[in-house]
Amino acid sequence: MSRYDAVIIGAGPAGAMAAHEIAEAGFKVLILEKHHRPGRPLCCAEAVTRQPLHDLLEPLESWIKSRINRVKVFGPWGYSFEVYHPEAGYILDRTVFDYDLASRAVEAGCRLECETIGLRLECGERLFSKLEILKPGGVKNMVEAPIFIAADGVESGIARRAGIDNDIDPTEVESLLQYRLEDISLDPETMEFHMGHDIAPGGYLWVFPRSSSAANVGLGITIKGQRSIRLENLLNGFIESRFKHSKIVEKHCGLVPKYQGRKAFRRGNLLVVGDAARALDSLTGAGIINAMKSGRYAGRAAVEYLSGRITGIDDIEELYPGRFFEEKEKELDLYLKLRQMYLRLTDDEIKDIIEVLDNYFGGKTVRSVNAFKLLAHLTRTRPRLLRLVRHLI
Ligand SMILES: Cc1cc2nc3c(=O)[nH]c(=O)nc-3n(C[C@H](O)[C@H](O)[C@H](O)COP(=O)(O)OP(=O)(O)OC[C@H]3O[C@@H](n4cnc5c(N)ncnc54)[C@H](O)[C@@H]3O)c2cc1C
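What this report covers is the structure whose coordinates are included nearby. Keep in mind that what you see is a predicted model, and the values were worked out from it rather than measured.

Observations concerning the pairing of strand 3 (residues 29–33)
Inference 1: Counting buried positions along strand 3 gives five out of five residues, so the element sits mostly inside the fold.
Inference 2: Where burial is concerned, the two faces of strand 3 agree: the one with Val29, Ile31 and Glu33 and the one with Leu30 and Leu32 are both buried.
Inference 3: Note that strand 2 (residues 6–9) and strand 3 share four bridges and pair parallel. Counted as the bridge partner of Ile8 is Ile31 from strand 3.

What follows is the structure, encoded as structure tokens:
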């Protein structure tokens, strides 16, 4: 049986960041990836806000497909507004990005095993002590470590089988369908969001440009109460009217679960990070930055434990998920409440909001957006929206 200081299951952004932290500190780390390489296959619209990414890592040119400077929002009955937001964010090439993040961990000394699946943790006397793995050719093996990190994404079988309640309520989850389109013509610096019950009931449709002739175009809706609605029909309808002669080069389906609070982040010496911990922005479904952050905090906490600077495993809680929550809890809670508010909106209210925001942003250059100020402005201008905002308090 092989022994490591830490074993990480999943080489997405969360796992790769955790692995890098632990390997850099000189510990022996194994990271497992079930696919033949990190970053493929992948289901993501690839958008990140600029500053949070730069705060984590200086991005390489090869990670960036396009630079976003403008956001356009379309609502029912042709209402829309746009915001000029210089350097708002990037559309990444996640195939390159994920691969590079994992390579960075390997350069720091981590061992990466692809086509290897983490199956199940086994408990020692009190803590998890071994992980059963499935290697290519169907060979099963055990690896031993004092710390395990579940970074295995939205389905996170590792955390669930270890007794963490991260079940996805099928009526609450957002289902997504995305096409990668080519042979289209669009502004490579503008992200589009489309809302309203005809186009994206209980969700939104996005057009994220990868260049002036290619884009990720997708639709996410909450299944609750609308099982009969077919994502494919809605998305095809939009593409038919907007990008009639486009070529669909990839199709992806995925799920975005809701953030569930602290319960999904740790059990004993198993730290759970990224989508596996449901560390997503519940309103937009964005999770890349939170995956990287939670991975980094979990990796640092593991280093403190492995170096003996904290002794009892429960003292790790203050570092992970504690430090992550110090930074992100308010935001994650707010986005969860905003999602609940968003799901209650009628088309008439969406139209109202778009009108107010058009006045608020119209013609201005915006450098940052404060969600609390924006909500205060909305309710001052349209008091009837107060019924929705009440749920945020
Ligand atoms: C359609 C869609 C669009 C999205 N668009 C955006 C967006 O524009 N911006 C944004 O910020 N977020 C977006 N997201 C969310 C984003 O993709 C995730 O939040 C992010 O990938 C989470 O990173 P992660 O490392 O936690 O998990 P993942 O990226 O899912 O990585 C998990 C890794 O673990 C591997 N794995 C799983 N199980 C095992 C196992 N048992 N053993 C070994 N390896 C395993 C997987 O193969 C994978 O490589 C989108 C999601 C969807 C579905």
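Picking up after the structure, the text goes on.
Here we look at the site of the ligand
Inference 1: Taken together, 33 residues form the shell around the ligand, and within it Glu33, Ala45, Ala47, Arg94 and Asp275 come nearest.
Inference 2: Glu46 places a main-chain nitrogen or oxygen 3.2 Å from an oxygen atom of the ligand.
Inference 3: One of the side-chain nitrogen or oxygen atoms of Asp275 is found 2.6 Å away from an oxygen atom of the ligand.
Inference 4: Notes on the ligand: free accessible area 990 Å², of which the protein chains cover 88%.
Inference 5: Elements with a contribution of two residues or more to the shell around the ligand: helix 1 (13–24), strand 3, strand 8 (117–123) and helix 6 (288–306).
Inference 6: Taken together, the residues of the shell around the ligand sort by class into 17 nonpolar, ten polar and six charged.

A closer look at the sheet that holds strand 10 (residues 139–144)
Inference 1: Within the open sheet, the four strands sit side by side as 1-10-9-8. Their pairing is mixed. At either margin of the open sheet sits one strand with a lone partner, and together these are strand 1 (2–3) and strand 8.

Rules used in this analysis
- Residues numbered from 1 in each chain as written.
- Predicted model: local features only at pLDDT ≥ 70, side-chain atom pairs only at ≥ 80, totals over all residues.
- Heavy atoms only, no water.
- Buried < 20%, exposed > 50% of the residue type's maximum accessible area, 1.4 Å probe, protein only.
- Helix = DSSP H or I, 4+ residues; strand = E, 2+ residues; numbered from the N terminus.
- Pairing = 2+ DSSP bridges.
- Near = heavy atom within 4 Å.
- Polar contact = N/O pair within 3.5 Å; in protein donor to acceptor, adjacent residues only side chain to side chain.
- Areas by Shrake-Rupley, 256 points an atom, 1.4 Å probe, with all protein chains shown as cover.
- Nonpolar A, V, L, I, M, F, W, Y, C, P; charged D, E, K, R; others polar.

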